[in-house]
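# Residue-level structural notes
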Amino acid sequence: MTANWAFFAAAEPALATAVERRFGAFTHHVLATLRKDGSPRTSGLEVRFLAGELWLGMMPGSLKALDLRRDPRFALQANPGEGTGMGGGDVRIGGRAFEVEDAGTKAGYVEEVEPPEPFHLFRTELTEVVRTSVEDDAYLVVQVWQPGQPLRTVKRA
């Protein structure tokens, strides 16, 4: 089962807000895609949360875009920032990304984001959102959300 960002945000608004803040703290993040041979490829990427969707925009002909066209599975890691503080926790999103061909949808994105053109635009469907943080300087807290499942929280001392 997959879900878009709006579905996730409605199901877990506090976690969605924390995840958006974490991604908003830095411009560049890390996207993992699958190469033709199935091995992982990691690439830098900017992301946008707009109109209930998590969008991935890419330069034309980029290898990550070609990877997603071939196999839509991805993992997205928020930039950890400087040092080891991990303010806001470590955030990862997994799912599938599908290229947007609709001119009206792309025009709306261009109006909001003003990306260099031409570009590839992918809409995401989430299969997992994970946030790992430290609570009270004593516990490692892992929150895992998957569509159709209750939020799972694990605390480790």
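Structure: see above.
To keep things clear, this report deals only with the structure shown in the data block. Predicted model only: the values in this text are computed from it and were never measured. (Residues numbered from 1 in each chain as written. Predicted model: local features only at pLDDT ≥ 70, side-chain atom pairs only at ≥ 80, totals over all residues. Heavy atoms only, no water.)

## Considerations on the pairing of strand β9 (residues 152-156)
A regular strand carries its side chains on alternate faces of the sheet. Formally: Pairing between strands requires that DSSP locate at least two bridges from one strand to the other. Think of it this way: any DSSP run of H or I at least four residues long counts as a helix, any run of E at least two long counts as a strand, and we number them from the N terminus.
Both strand β8 (residues 139-145) and β9 contribute to a ladder of 5 bridges, which runs antiparallel. Counterpart to Gln 143 in the pairing with β9 is Thr 153. Counting the residues that bridge the hairpin from β8 to β9 gives 6 residues, and of these Gly 148 lies at a positive phi of roughly 80 degrees.

## Notes on the side chain of Thr 124
Our working definition: Distance and chemistry together define a polar contact, namely a pair of N or O atoms within 3.5 Å, with one atom able to donate a hydrogen and the other to accept it when in protein, and with adjacent residues in sequence counting only for side-chain atoms on both sides. The criterion used for residue contact is that any of the two residues' heavy atoms lie within 4.5 Å.
Tracing the backbone through its elements, the reader meets Thr 124 in strand β7 (residues 120-135). For Thr 124, the side chain forms a polar contact with the main-chain oxygen of Leu 54, separated by 2.8 Å. Not counting chain neighbours up to four residues away, the residues in contact with Thr 124 comprise Ala 3, Asn 4, Glu 53, Leu 54, Leu 56, Phe 74, Arg 96 and Ala 97.

## Let's talk about the nonpolar core
Note the threshold: In these notes, a set of buried Ala, Val, Leu, Ile, Met, Phe, Trp, Tyr and Cys residues joined through side-chain atoms within 4.5 Å is what counts as a nonpolar core. Buried residues are those whose accessible area, probed at 1.4 Å on protein chains only, stays under 20% of the maximum for their type, while exposed residues exceed 50% and partly exposed ones sit between those limits.
Leu 56, Leu 76 and Ile 93 are the most contacted members of the largest nonpolar core, which has 25 residues in total. Counting only elements with at least two residues in this core, the list comes to α1 (5-11), α2 (13-24), β4 (53-58), α3 (63-70), β5 (73-77), β6 (90-99) and β7. Per-element accounting of this core gives the leading share, 4 residues, to α2. Among residues more than four places away in sequence, those in contact with Ile 93 are Trp 5, Val 19, Phe 23, Leu 54, Phe 74, Ala 75, Leu 76, Leu 126, Glu 128 and Val 129. With 6 residues, the next largest nonpolar core counts Trp 55, Tyr 109, Phe 119 and Leu 121 among its residues.

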